[in-house]
Amino acid sequence: EVQLVESGGGLVQPGRSLKLSCLASGFTFSNYGMNWIRQAPGKGLEWVASISSSSSYIYYADTVKGRFTISRDNAKNTLYLQMTSLRSEDTALYYCARHRSPFDYWGQGVMVTVSS
Amino acid sequence: DIQMTQSPSSLSASLGDRVTITCRASQDIGNYLSWFQQKPGKSPRLMIYGATNLEDGVPSRFSGSRSGSDYSLTISSLESEDTAIYYCLQYDKYPRTFGGGTKLELK
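J.: Just to check I follow, could you spell out the overall build of chain A for this structure?
T.: Looking only at helices and strands, chain A features zero helices and 11 strands. Its helices and strands in sequence order give chain A the pattern β-β-β-β-β-β-β-β-β-β-β, from N to C terminus. A globule of 116 residues ought to have a C-alpha radius of gyration of about 13 Å, and chain A, at 13 Å, matches this closely. With the C-alpha coordinates of chain A rotated into their principal frame, the extents come out at 40 × 25 × 25 Å. Within the span of chain A, comprising 116 residues, buried residues form 48% of the whole. Of the contacts made within chain A by residues no fewer than 6 positions apart, 53% connect residues no fewer than 24 positions apart. As presented, chain A carries roughly 5200 Å² of accessible surface, and 46% of it is formed by carbon and sulfur atoms.

If you want it as structure tokens, here you go:
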């Protein structure tokens, strides 16, 4: 069974940093691109970043470019999102999703709240 | 960036009704269009990919179609478990962009 489990969220002050993790199981992690997608409270879905299976290709939304870094460790079956210079508008539930057609499996999400 | 204009933003229908939700792409995306269902407190679920392909396990009352730059999700006979928010997504180009969502409720 495919499982994606996010962790690392929490309450953080504006301007600070936070690193999210997504532990994958039930499939060959190194064969799939991965993604981060977020959803602000009561709002719609927003794609954040994507990374290819070997980390050769990386893409970001303009809203996070230069502040967020997506990465992966295929030996640990783990996807990461390093978030710096956090803003109140980054407050959201962050999902990781496997890349097939294009998001076929999603984690349960991890909440990030940016507030002083 | 490719804009996905989804309509309607909300929809109220009765059990057994045929329901259609539409997304219009601001530029050509071919068939790189997916539909997701999201129920309250749950993660989104992939329903349709490649504009017309039903994801495994999705009931056959759901279907997807394309007419030019307009993409539609149709539920042939609405059931109570179909109440949810539905989102389209284009995955032809980066940045990936979602439609604004359609909240489907029972009348």
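J.: Hey, could you run me through the interface of chain B and chain A in this one?
T.: Frequently, the measure chosen for interface size is the accessible area removed from exposure when the parts meet. In this assembly, 17 residues from chain B lie in contact with 20 residues from chain A. For the pairing of chain B and chain A, the buried interface totals around 1500 Å² over both sides, and the portion due to carbon and sulfur atoms is 65%. Connecting chain B to chain A are one salt bridge. Ionic pairing is found between glutamate 55 of chain B and arginine 100 of chain A, a salt bridge with its closest N-O pair at 2.7 Å.

J.: Would you mind showing me how to read the nonpolar core here?
T.: General note: in soluble globular proteins, nonpolar side chains tend to be found buried as a group. If you look at the biggest cluster of nonpolar residues, it comprises 41 residues, and the most contacted ones within it are Trp36 and Tyr94 of chain A together with Phe98 of chain B. Among residues more than four places away in sequence, those in contact with tyrosine 94 of chain A are Glu6, Leu20, Trp36, Ile37, Arg38, Phe68, Leu81, Met83, Gly109, Val110 and Val112 of chain A. Ala25, Met47, Ile48 and Ile75 of chain B belong to the second largest nonpolar core, which has 23 residues in total.

J.: How do you make sense of the state of the cysteines when you look at a structure like this?
T.: The term disulfide refers to a covalent linkage connecting the sulfur atoms of a pair of cysteines. Counted under the stated rule, the structure contains two disulfides over all chains. Linked covalently through their sulfurs, cysteine 22 of chain A and cysteine 96 of chain A form a disulfide whose S-S length is 2.0 Å. Taking the sign of the S-S torsion, 55 degrees for the link of cysteine 22 of chain A and cysteine 96 of chain A, the bridge is right-handed. Note that cysteine 22 of chain A is positioned in strand β3 (residues 18-25) and cysteine 96 of chain A in strand β9 (residues 92-99), a separation of 74 residues in sequence. No difference in accessibility class separates cysteine 22 of chain A from cysteine 96 of chain A, as the two residues are buried. Two residues, cysteine 23 of chain B and cysteine 88 of chain B, share a disulfide whose sulfurs are 1.9 Å apart. An S-S torsion of about -85 degrees defines the bridge between cysteine 23 of chain B and cysteine 88 of chain B as left-handed.

J.: What should I look at first to understand the pairing of strand β3 (residues 19-25) of chain B in this one?
T.: Residue and element names in this part refer to chain B. Only one face of β3 is covered, namely the face carrying Val19, Ile21, Cys23 and Ala25; the face carrying Thr20, Thr22 and Arg24 is uncovered. Relative to β3, strand β1 (residues 4-7) runs antiparallel, the two being bridged by four bridges. Bridging from a neighbouring strand, glutamine 6 pairs with cysteine 23 of β3. As defined by bridge partners, β3 adjoins strand β8 (residues 70-75) across six bridges and the pair is classed as antiparallel. Opposite threonine 20, over in β8, you have threonine 74 as the bridge partner.

J.: Whenever I open this one, the packing of aromatic side chains confuses me. Can you help?
T.: Any two aromatic rings considered together are summarised by their centre-to-centre distance and by the angle between their planes. Across all of its chains, the model carries 12 aromatic pairs over all chains by this definition. Consider the rings of phenylalanine 27 of chain A and phenylalanine 29 of chain A, whose centres lie 6.3 Å apart with planes at 55 degrees: the pair is tilted. Taken individually, phenylalanine 27 of chain A and phenylalanine 29 of chain A each receive the classification buried, so the pair is uniform in this respect. Judged by centre distance (5.5 Å) and plane angle (85 degrees), the ring pair of tyrosine 32 of chain B and tyrosine 91 of chain B falls under edge-to-face. Linking tyrosine 32 of chain B in the loop between β3 and β4 (33-38) with tyrosine 91 of chain B in the loop between β9 (84-90) and β10 (97-98), this pair joins segments that are 59 residues apart in sequence. According to the relative accessible area criterion, tyrosine 32 of chain B is partly exposed, its value standing at 42%. With relative accessibility at 12%, the residue tyrosine 91 of chain B sits in the buried group. Three or more aromatic residues link up through ring pairs in this structure, and these residues are Tyr95, Phe103 and Trp106 of chain A together with Phe36 and Phe98 of chain B. Between the NZ or CZ atom of lysine 19 of chain A and the centre of the ring of tyrosine 80 of chain A, over which it lies, the distance is 4.6 Å. Between the NZ or CZ atom of arginine 72 of chain A and the centre of the ring of phenylalanine 29 of chain A, over which it lies, the distance is 4.2 Å.

Reading the values: rules and limits
Residues numbered from 1 in each chain as written. Chains lettered and ligands numbered in written order. Predicted model: local features only at pLDDT ≥ 70, side-chain atom pairs only at ≥ 80, totals over all residues. Heavy atoms only, no water. Helix = DSSP H or I, 4+ residues; strand = E, 2+ residues; numbered from the N terminus. Rg over C-alpha atoms; globule rule 2.2 N^0.38 Å. Buried < 20%, exposed > 50% of the residue type's maximum accessible area, 1.4 Å probe, protein only. Contact = heavy atoms within 4.5 Å. Areas by Shrake-Rupley, 256 points an atom, 1.4 Å probe, with all protein chains shown as cover. Buried area = accessible area lost by both parts, 1.4 Å probe. Salt bridge = Lys/Arg side-chain N within 4 Å of Asp/Glu carboxyl O. Core = buried A, V, L, I, M, F, W, Y, C linked by side-chain atoms within 4.5 Å. Disulfide = S-S within 2.5 Å. Pairing = 2+ DSSP bridges. Phe/Tyr/Trp six-rings, centres within 6.5 Å; stacked < 30°, edge-to-face > 60°. Lys NZ or Arg CZ within 6 Å of the ring centre and 35° of its normal.

Any link to function would need more than the numbers given here.
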